Amino acid sequence: MDKYEVFKKQVNNLINIDLNYYKEKQMKRRISSLVARNNFKDFEDYFDGLKKDKQLLNQFVNYLTINVSEFYRNPSQWQVLEKDIIPRIINRDKKTLKVWSSACSTGEEPYSLVMLLTNFFPLKDIKVLATDIDDEALNKARLGLYSEKSLSNLPKGFKEKFFTKIENSYKINEEIKKCVEFKKMDLLKDSFPTYVDLLTCRNVMIYFTEEAKELLYDKFYKSLSDNGILFVGSTEQIIMPEKYKYKPVKTFFYEKIIK
Ligand SMILES: C[S@@+](CC[C@H](N)C(=O)[O-])C[C@H]1O[C@@H](n2cnc3c(N)ncnc32)[C@H](O)[C@@H]1O
């Protein structure tokens, strides 16, 4: 077995992340550069380091998971969400929505969802489940402190309404924070919530193999409520959605077909 194969197995045992589900070429290249940057000889040598050094292990998980995010990422899609998708779901006589931001990273996406939903519901009726595999990202999300740059796509007035400026950063207000429940979850291994009306999975599937994507489409299908909506990232359109029993309602938005 080559050293990378052994490394993948050891990583899975150590931190329970299965690299086999991530695109091999891309992942191997990324990890190799990390190995070199930290002056290790090879994967074997690097893994010995990971076992001994918690900080090195944190750096590895962080690098691997790629946490970049921003509020209202791809703003035109958030307009579609507000103008077409949410009204479409509400028309089904829903008083509240079950919303899940999967792979939520540092919280920009679930907080954006809450802010958008305030245009439809009182805060007391808004609940968003937000999950990610990365503990450190989740801790940042719970803290809710952001740079001005990450807020630049927000609709007019949102910054003033939902954030408090602290020196050069912006802190999300408590009332918004309270609507989000953050939880650690591995999309590829853990079981999913059910009866979800709106499920976002954005900018993570690009890192997964075809096999992992198929597994996810199926798990998401089971997780969605009847006619629930899956919102994907801007390079993650589903090829042949019918195969997985989804109907495209707008670009990047898919509805669960029930038969
Ligand atoms: C680029 S961020 C996407 C953040 C946000 N959804 C957005 O579009 O801005 C990708 C996130 O996927 C998470 N991730 C990677 N593999 C995962 C897995 N197997 N299960 C859950 N989250 C995962 C990473 O930790 C990272 O926070």
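See above for the structure.
This section reports on the structure supplied with the text.

Here is what the cut-offs are and how they apply
Residues numbered from 1 in each chain as written. Predicted model: local features only at pLDDT ≥ 70, side-chain atom pairs only at ≥ 80, totals over all residues. Heavy atoms only, no water. Helix = DSSP H or I, 4+ residues; strand = E, 2+ residues; numbered from the N terminus. Expected span 1.5 Å × (residues − 1). Buried < 20%, exposed > 50% of the residue type's maximum accessible area, 1.4 Å probe, protein only. Arc of directions from axis to C-beta. Contact = heavy atoms within 4.5 Å. Polar contact = N/O pair within 3.5 Å; in protein donor to acceptor, adjacent residues only side chain to side chain. Phe/Tyr/Trp six-rings, centres within 6.5 Å; stacked < 30°, edge-to-face > 60°. Lys NZ or Arg CZ within 6 Å of the ring centre and 35° of its normal.

## Concerning helix 1 (residues 3-15)
The terminal C-alpha atoms of helix 1, which comprises 13 residues, lie 18 Å apart, in line with the 18 Å expected from a rise of 1.5 Å per residue. Y4, F7, K8 and V11 are the residues of helix 1 that are buried. All buried residues of helix 1 fall inside an arc of 100° around its axis, so they share one side. Facing away from the buried side of helix 1, by more than 90 degrees, are the exposed residues K9 and N13. If you follow the buried residues of helix 1, they end up packed against helix 2 (24-37), helix 3 (43-52) and helix 4 (54-65). Its side-chain oxygen placed 3.2 Å from the backbone nitrogen of Y4, D2 serves as the N-cap of helix 1. Directly beyond the C-terminal end of helix 1, a positive phi value near 65° is found at N16.

## Here we look at the packing of aromatic side chains
Taken as a whole and assessed by the stated rule, the structure comprises 23 aromatic pairs. Geometrically, the ring pair formed by W78 and F231 is edge-to-face, given 5.9 Å between the ring centres and 70° between the ring planes. With W78 in helix 5 (residues 75-90) and F231 in strand 8 (residues 224-232), this residue pair connects regions lying 153 residues apart in the sequence. The pair formed by W78 and F231 is uniform in burial state, with each residue classed as buried. For the ring pair Y221 and Y246, a centre distance of 6.0 Å and an interplane angle of 80° mean the geometry is edge-to-face. Of this pair, Y221 sits in helix 10 (residues 210-223) while Y246 sits in strand 9 (residues 246-250), and the two are 25 residues apart along the sequence. A cation sits over an aromatic face here: R30 above Y63, 4.3 Å from the ring centre. We note K256 situated over the ring of Y221; from NZ or CZ to the ring centre the distance is 4.5 Å.

So far we have only geometry, and geometry alone does not tell us how the molecule works.
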